[in-house]
Amino acid sequence: MSLINENIQKELVEKFGESLTEWSDTYNMLSFTAPKDLNLKVLNFLYDQPLLGFQFLTDITAVHYPNRTSEELCVVYHLHNLRENTRLRFKVFTPSAQPDVYSATALFSSANWMERETYDFFGVNFVGHPNLKRILNVDEMDYFPLRKEFPLEDQTRIDKDDDMFGR
Amino acid sequence: MSEHTNIRLPEGSIEKQTTTVNLGPTHPATHGVFQNIMELDGERIIKTEPTVGYIHRAFEKIAERRPFYQITPLTDRLNYCSSPINNMGWHIACERFLDVKTPKRVDYLRIIIMELARISDHLICNSIVGVDTGAYTGFLYVMQYRELIYEIYEEVCGSRLTTNIGRIGGFERNFSNTAFVKLEKFLKEYPGVLQEFENLFTRNRIFIERTQGTGKISAERALNYGFTGPNLRAAGVDYDVRVHSPYSSYEDMDFAVPVGTTGDNYDRYQVRNAEMWESLKIIEQAYKKVQAFKGAEADVFHADAPAYYLPEKEDVYTKMEALIYHFKIVMGETDIPAGEIYSSVEGGNGELGFYLISDGGRTPYRLHFRRPCFVYYQAYPEIVQGAMLSDAIVTLSSLNLIAGEMDA
């Protein structure tokens, strides 16, 4: 059985059933959403299952969706199976009020700084991380700058017409 | 800073047997803004704690306010030793996202520029390893050819270090004849220079003693630490984005992926040198293919994508359609699809990824750079643990850590 996206999806659905949602396959990358309690189980399954073998962690980052009530923060994992050269993306959503997500550091050493960066900019609290502190910003900072509530420009400016020039 | 436990002396600190040394943030041997708080026993490193972020410039946040074509200058400043690769990586990510097909000539021209950038990147890295092992000559000797590469950039895009080269869909202008003349000069003279450079180092007894067996990392650890690029290949894993998921018509090129075995400083040096030879081969092939275009095809330098590619200024003033497109692009009226894409290229240091989420607005909803340096620098404490301080310096430069890429 070759590692094509349909087969990956089949394997995952067989194991986790209905709990994995929002399947999509755009730009040749399979993407899905997992419940946040399952993130380590999914990572482990993808890592250990001989047919899947996603053993290279390309990237961890987060996205802030202020409009998704009680699941504002989205942690995105990019995984890569180097043997079959297949990539995969999966997301877990977490409320920004209590942004606890299990840390993947036990599985991937590379997750250490990626999670620190994600914590630094989004405030995702990676439970089980050995050294979760700020990495790029100063230690004294008390907010998480990549969240959408912090606009890049001073919003009190009145000399700019945002209807025309803003987002 | 006060939180660093290894700085705080234990009670009755006169008993302390080890020395704490701050290497950096600015130190001539770190070649960039890095801080390492090292716990030393004599000259041996017990542990080290890297601190990064001194030149963090919040590019990901800034990108959320910028239209797609204005993000290119941000990517320049990631790995500033090979900014054209970053620029092209961003353009390629956008083109994949917007489904713009570039003509073959554009692809080949891009390959020429990207491989020149790779050569200049590896050249700096390897010659700096030379400097850190006590051989300054090689560094100064190869500088003139980096200069020639920069002159080619200058001829193509007008700037040298932070290039902002190319546009979504192609190049901003066609290559001038001077650019090709300079490229020919480079292709003719550089092999001799690289050979001379190798003669200075490869069999140099002092260089071998300093680099072989130091800064070692196994293939398993390297993969677990997310290594990519020359550093991973030096450990023996033949992963190269140019081969695994070809972009910009790399599949038309015939080249080898050099791999090392031990993942030490010497292997990293060897892999980078071998890659420079391969890059030369690629440039020669691409240049031949560029020359083979005849007639109208020989002047193509951008894709036919008027909705995304800024029209010629002359046309903006004289043609209605061009004026409309110019206005739409600049004012952000162009329809951009909603969606997300992860696109990566083989940067000078490894897999440079762009994770782009668009909500259909004028600017990205979220843009994340996967910077290879940032990912593999976290392995540094493990690599240098138990090593001599002077070997740690060589390891720092042979990993080719670029502060700009790390801090984004």
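Residues numbered from 1 in each chain as written. Chains lettered and ligands numbered in written order. Predicted model: local features only at pLDDT ≥ 70, side-chain atom pairs only at ≥ 80, totals over all residues.

### Some thoughts on the overall build of chain B
Along the backbone of chain B there are 17 helices and six strands. A compact globule built from 408 residues should have a C-alpha radius of gyration of about 22 Å, and chain B, at 23 Å, falls within 12% of that. If you line up chain B on its principal axes, its C-alpha atoms span 80 × 45 × 35 Å. For chain B, with 408 residues in total, the buried portion stands at 50%. Contacts in chain B between residues far apart in sequence, at least 24 positions, make up 70% of those at least 6 positions apart. (Helix = DSSP H or I, 4+ residues; strand = E, 2+ residues; numbered from the N terminus. Rg over C-alpha atoms; globule rule 2.2 N^0.38 Å. Buried ≥ 20, exposed ≤ 12 C-beta atoms within 10 Å, placed from the backbone. Contact = placed C-beta atoms within 7 Å.)

### Points about the interface of chain A and chain B
Taken together, the 27 residues of chain A in the interface contact 34 residues of chain B. Looking at the side of chain A that touches chain B, the elements with two or more residues in it are β3 (56–64) and α3 (111–122) of chain A. Looking at the side of chain A that touches chain B residue by residue, the classes come out as 13 nonpolar, nine polar and five charged. (Nonpolar A, V, L, I, M, F, W, Y, C, P; charged D, E, K, R; others polar.)

### So, the sheet that holds strand β5 (residues 351–359) of chain B
Residue and element names in this part refer to chain B. Pairing in this open sheet of three strands is antiparallel, and the strands run β4-β5-β6 from one edge to the other. With partners counted over all chains shown, the strands left at the sheet margins are β4 (338–346) and β6 (366–370), one partner each. Mean inter-strand twist for the sheet, computed between neighbouring axes without regard to direction, equals 10 degrees. As defined by bridge partners, β4 adjoins β5 across nine bridges and the pair is classed as antiparallel. Following the sheet pairing, Glu-340 is matched in β5 by Ile-357. (Pairing = 2+ DSSP bridges. Axes fitted to C-alpha atoms, helices over the stretch in contact; angles between N-to-C directions.)

### Details of the pairing of strand β3 (residues 44–51) of chain B
Residues and elements named next belong to chain B. As paired elements, strand β2 (residues 35–41) and β3 share seven bridges and run antiparallel to each other. Across the sheet, residue Gln-35 finds its bridge partner in β3, namely Thr-51. Between β2 and the antiparallel strand that follows it, β3, lie two residues; Gly-42 among them carries a positive phi value of about 65 degrees.

### Some remarks on the sheet that holds strand β2 (residues 29–34) of chain A
Residues and elements named next belong to chain A. Strand order in the open sheet made by the five strands is β1-β2-β5-β4-β3, with mixed pairing throughout. A single partner strand is all that each edge strand has here, and the edge strands are β1 (21–26) and β3. Across this sheet, the average inter-strand angle for adjacent strands is 20 degrees, counted without regard to direction. By the bridge criterion, four bridges tie β1 to β2 in an arrangement that is antiparallel. Its bridge partner being in β2, Ser-24 is matched across the sheet by Ser-31. Across the face of the sheet, α3 comes into contact with β3 and β4 (73–81) while running at roughly 5 degrees to β3.

### Some remarks on the packing of helix α3 (residues 83–98) of chain B against helix α4 (residues 104–132) of chain B
Residues and elements named next belong to chain B. α4 packs onto α3 with a crossing angle of 140 degrees between their chain directions and a minimal axis gap of 7 Å. By the criterion of interaxial angle, the relationship of α3 to α4 is oblique. Contacts between α3 and α4 pair Pro-84, Ile-85 and Met-88 from the former with Arg-110, Ile-113, Met-114, Ala-117 and Arg-118 from the latter. In terms of residue class, the contact of α3 with α4 is built from six nonpolar, no polar and two charged. (Parallel < 35°, antiparallel > 145°, perpendicular 65-115°, else oblique.)

### Quick notes on unusual backbone geometry
All names here are of chain B. Even without glycine at this site, Asp-99 takes up a positive phi of about 60 degrees. Here Asp-99 lies in the loop between α3 and α4. Of note, Asn-164 is a non-glycine position whose phi angle comes to about 50 degrees, a positive value. Within the secondary structure, Asn-164 is located in the loop between α5 (137–157) and α6 (177–201). Residue class for Asn-164 comes out partly exposed when judged on the 18 C-beta atoms lying within 10 Å of it.

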